[in-house]
Amino acid sequence: MSIKLDDLTYWLKKFYNKIMSNLTKIEHYVPQVYLNNFCTEQIKNKFLIWKYDKEKCLFSKVNISDVCVQNFFYDIKKSEIQEYAQTMEDDKLIDFPNSILNEDQPLEKFFSVYVEGELFNKIKKIINLYNENKEDLRKLDKLRISDEDLFYCSLYSQYQWLRTPDMKQSLDKVGEDANKGILEILDSYTGDQKDTEQIRKEIKFSETKLAKKRTHHEILFDAKHMTGMANIFYHMYKWIFLYSQDHLFLTSDNPTIFDGYYSPKNIPLFFPLTPNICVALIHEDDKKNYEKYDNGSFVKCSYDCVKYINMLTFHNANKIVLSSINNDDDIKKTLFN
């Protein structure tokens with residue numbers, strides 16, 4: 001039996017990554033199981049997707065395993081614990097739970113098993129329902145997603161929104177602004193500096209990578225917070241699933257458009273699930289559309305609507321826009337016309 005060089009290289013890399021797993025870990029903040037829906041073709045073990053780099057203004061076809069990744073994005077390493085010790089000028093390492101420090105990488109495992117396993121299976125039910133009925137538009141327009149699956153869709157959207165570097169930077173900014181305000185108060189304090197020494201140390205620690213990463217981790221691990229937020233969005237808005245067969249939705253390294261800066265006031269969330277389906281929420285203040293559409297319904301999306309959502313996706317993207325469109329001229333038309 002002959003072995004091709006590409007296959008051998010693939011297995012050698014896989015073996016190398018396995019034995020080096022305690023030193024490096026490539027972690028996806030936009031998961032491959034989601035990006036697979038936007039895959040344009042498969043060549044052996046590679047699932048390819050079109051990428052547009054906003055900074056370089058360049059298109060390229062890449063493997064989905066190579067996009068939206070950072071080393072140790074979800075995990076706290078011992079080197080970061082040591083950084084804390086240096087920052088605090090303390091030889092003692094902070095008392096973290098063993099599960100945070102060991103090689104099992106609890107947050108990565110949580111995402112792979114629960115968020116990209118159980119939760120994404122609920123999303124796949126919605127995608128499959130569309131695919132099974134897309135040839136019969138009359139039937140599709142009468143279908144309704146169950147309340148349970150709408151809640152899970154809300155929960156998955158919350159996780160995807162919070163897990164990105166963009167959101168982590170936003171959390172860091174909130175912390176930095178709060179610390180800046182506290183320091184300004186302390187600098188105006190005329191009492192004994194020893195009274196404020198511990199507070200200054202804590203602020204210094206909160207500016208380390210360790211503290212910032214821990215803040216991000218604790219939010220993602222906080223089940224009450226996550227389900228609470230999911231419940232608010234599930235009950236507060238009407239959920240519809242926009243679909244388009246002729247004109248395709250894009251996605252990005254920041255796929256949930258979940259704030260009022262880009263998205264309109266009455267639609268607080270857009271989330272493309274596939275090139276053909278995009279989640280949209282309708283606020284009750286938008287009385288015309290709120291009364292027009294049933295909760296959990298599929299709604300045909302016009303070309304102008306797809307174009308508008310793609311424009312939002314482009315602006316909401318941090319660095320890259322991703323697409324299943326297999327012709328860069330078509331992507332350019334979608335993005336820039």
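Residues numbered from 1 in each chain as written. Predicted model: local features only at pLDDT ≥ 70, side-chain atom pairs only at ≥ 80, totals over all residues. Heavy atoms only, no water.

1. Points about the confidence of the model for the protein chain
Note the threshold: Per-residue confidence from the predictor is reported as pLDDT, a score between 0 and 100. Any two residues whose heavy atoms approach within 4.5 Å are treated as being in contact.
Scored by pLDDT, the protein chain has a mean of 82; 79% of the residues are at 70 or more. Per-residue pLDDT stays below 50 along residues 1–21; that stretch engages in five contacts with residues further than four places along the chain or on separate chains.

2. Points about the nonpolar core
Here is the rule we go by: Definition used in this section: a nonpolar core is a set of buried Ala, Val, Leu, Ile, Met, Phe, Trp, Tyr and Cys residues joined via side-chain atoms within 4.5 Å. Here the term buried applies to any residue with accessible area under 20% of the maximum for its type, exposed to any over 50%, and partly exposed to those in between, with areas from a 1.4 Å probe on protein chains only. Here a helix means four or more residues in a row that DSSP labels H or I, a strand means two or more in a row labelled E, and each is numbered from the N terminus.
Ranked by size, the top nonpolar core spans 51 residues in total, and within it Tyr 34, Leu 35, Tyr 156, Tyr 159, Phe 241, Val 279 and Phe 298 carry the most contacts. Secondary structure elements with two or more residues in this core: α2 (32–35), α5 (106–133), α7 (147–162), α11 (223–236), β6 (238–243), β9 (277–282) and β11 (320–323). For this core, the leading source of residues is α5, giving nine residues. Apart from residues no more than four positions distant in its own chain, Phe 298 is found in contact with Ile 126, Leu 129, Tyr 130, Leu 140, Asp 141, Leu 143, Ile 145, Phe 241 and Tyr 243.

3. Here's the deal with the side chain of Gln 158
When you line up the elements, Gln 158 lands in helix α7. Judged by relative accessible area, which is 0%, Gln 158 ranks as buried. Residues contacting Gln 158, with those up to four places away along its chain left out, are Met 226, Met 229, Ala 230, Phe 233 and Phe 258.

4. A short note on the pairing of β11
How we decide: What makes two strands pair is DSSP finding at least two bridges between them.
Residues of β11 alternate between two faces, with Ile 320 and Leu 322 on one and Val 321 and Ser 323 on the opposite face, all of them buried. Sheet analysis places strand β3 (residues 46–53) next to β11, joined by four bridges and oriented antiparallel. Bridging from a neighbouring strand, Trp 50 pairs with Ser 323 of β11. As paired strands, strand β7 (residues 251–252) and β11 are joined by two bridges and run antiparallel to one another.

5. Observations concerning the sheet that holds strand β10 (residues 297–300)
As a reminder, the rule being used: Angles run from 0 to 180 degrees between N-to-C directions of axes, and those axes are lines fitted to C-alpha atoms, restricted for helices to the stretch in contact.
Read across the open sheet, the four strands follow the order β8-β9-β6-β10; overall the sheet is mixed. Either end of the sheet is taken by a strand with one partner, and the two such strands are β8 (270–272) and β10. Strand-to-strand twist of the sheet, defined as the mean angle between neighbouring strand axes without regard to direction, takes the value 30°. Relative to β9, β6 runs antiparallel, the two sharing six bridges. Counted as the bridge partner of Phe 241 is Val 279 from β9.

6. Points about the pattern of salt bridges
Stated precisely, the cut-off is as follows: Whenever Lys or Arg places a side-chain nitrogen within 4 Å of a carboxyl oxygen from Asp or Glu, that contact is recorded as a salt bridge.
Summed over the entire model, instances satisfying the criterion amount to eight salt bridges. Asp 172 is the salt-bridge partner of Lys 168, the closest N and O atoms lying 3.6 Å from each other. With a gap of four residues between them, Lys 168 and Asp 172 both fall in helix α8 (residues 165–187), about one helical turn apart. Asp 172 carries the same exposure label as Lys 168, and that label is buried.

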